[in-house]
Amino acid sequence: YSKLGVHEPARVNFARALELRERSLGERAELSLQSRTQLAGVLAELGQFREALELYRKSLPIARQILGEKHRGTLALLNDYALALSRSGRTMEAR
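Residues numbered from 1 in each chain as written. Predicted model: local features only at pLDDT ≥ 70, side-chain atom pairs only at ≥ 80, totals over all residues. Heavy atoms only, no water.

1. A short note on the overall build of the protein chain
Operational definition: Secondary structure is summarised from DSSP: a helix means a run of H or I of at least four residues, a strand means a run of E of at least two, and numbering begins at the N terminus for each. Within these notes, the globule rule equals 2.2 Å times the number of residues to the 0.38 power, and the radius of gyration is based on C-alpha atoms. Only protein chains enter the accessibility calculation, which uses a 1.4 Å probe; a residue whose area is less than 20% of its type maximum is buried, one above 50% is exposed, and one in between is partly exposed. Pairs of residues are marked as contacts when any of their non-hydrogen atoms sit within 4.5 Å. Here the accessible surface of atoms and residues is derived via Shrake-Rupley with a 1.4 Å probe, and residues count as covered only by protein chains that are part of the display. Lys and Arg are tallied as positive, Asp and Glu as negative. Neither His nor the chain termini are counted. Charge coordinates come from a single atom per side chain, which is NZ of Lys, CZ of Arg, CG of Asp or CD of Glu.
The helix and strand tally for the protein chain stands at 5 helices and 0 strands. Written out in order from the N terminus, the α and β elements of the protein chain read α-α-α-α-α. Rg of the C-alpha trace for the protein chain: 13 Å, near the compact-globule value of 12 Å for 95 residues, within the 12% margin. With the principal axes as the frame, the protein chain shows a C-alpha extent of 35 × 30 × 20 Å. Relative to its 95 residues, the protein chain shows a buried fraction of 28%. Across the protein chain, contacts joining residues at least 24 apart in sequence account for 47% of those joining residues at least 6 apart. As presented, the protein chain carries roughly 6,000 Å² of accessible surface, and 52% of it is formed by carbon and sulfur atoms. Charged side chains of the protein chain number 16 positive and 11 negative; the gap between the two group centres comes to 2 Å.

Structure, rendered in C-alpha cells:
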C-alpha cells in the first residue's frame, strides 16, 4: 500500500504487524524492528511526525545493538530518522 501512495491502509497493516511481532517475538527482535521502522516511515508520510519520531528513537538503540553501528539497516534507519526530523521542521537536529 505504502509504495502505491495509499498510506492509511499501510499504516493499519504495519501497526498490526508490529503488534503481532512484538507479542510473539519481543520488542527487540529484528522483525519487530523492521515493522516498527516501516510504521514510522508511513507515519512520517502521513505527517504524523511526533509518532514517527518516537518510533525511530525507540528503534535506533535496538538497531545499533542487534545489527551493529555500521550495518546498512542501522544506517538506513538513521537516515530515515534525520529525514523525518527535517520534514517536521527540526532541521538543526537532523544534522
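2. Structural notes on the side chain of Ser59
Just so we agree on the cut-off: Pairs of N or O atoms are called polar contacts if they sit within 3.5 Å, as long as, within protein, a hydrogen donor faces a hydrogen acceptor (for residues adjacent in sequence, only side-chain-to-side-chain pairs).
Relative to the elements of secondary structure, Ser59 occurs in helix H3 (residues 49-66). Accessibility expressed as a relative area gives 0% for Ser59, which makes it buried. Engagement of the side chain of Ser59 in a polar contact is seen with the backbone oxygen of Leu55, the distance being 2.8 Å. If we ignore the near neighbours within four places in the chain, the residues touching Ser59 are Leu33, Arg36, Thr37 and Leu77.

Keep in mind that these numbers describe shape and distance, not what the molecule does.
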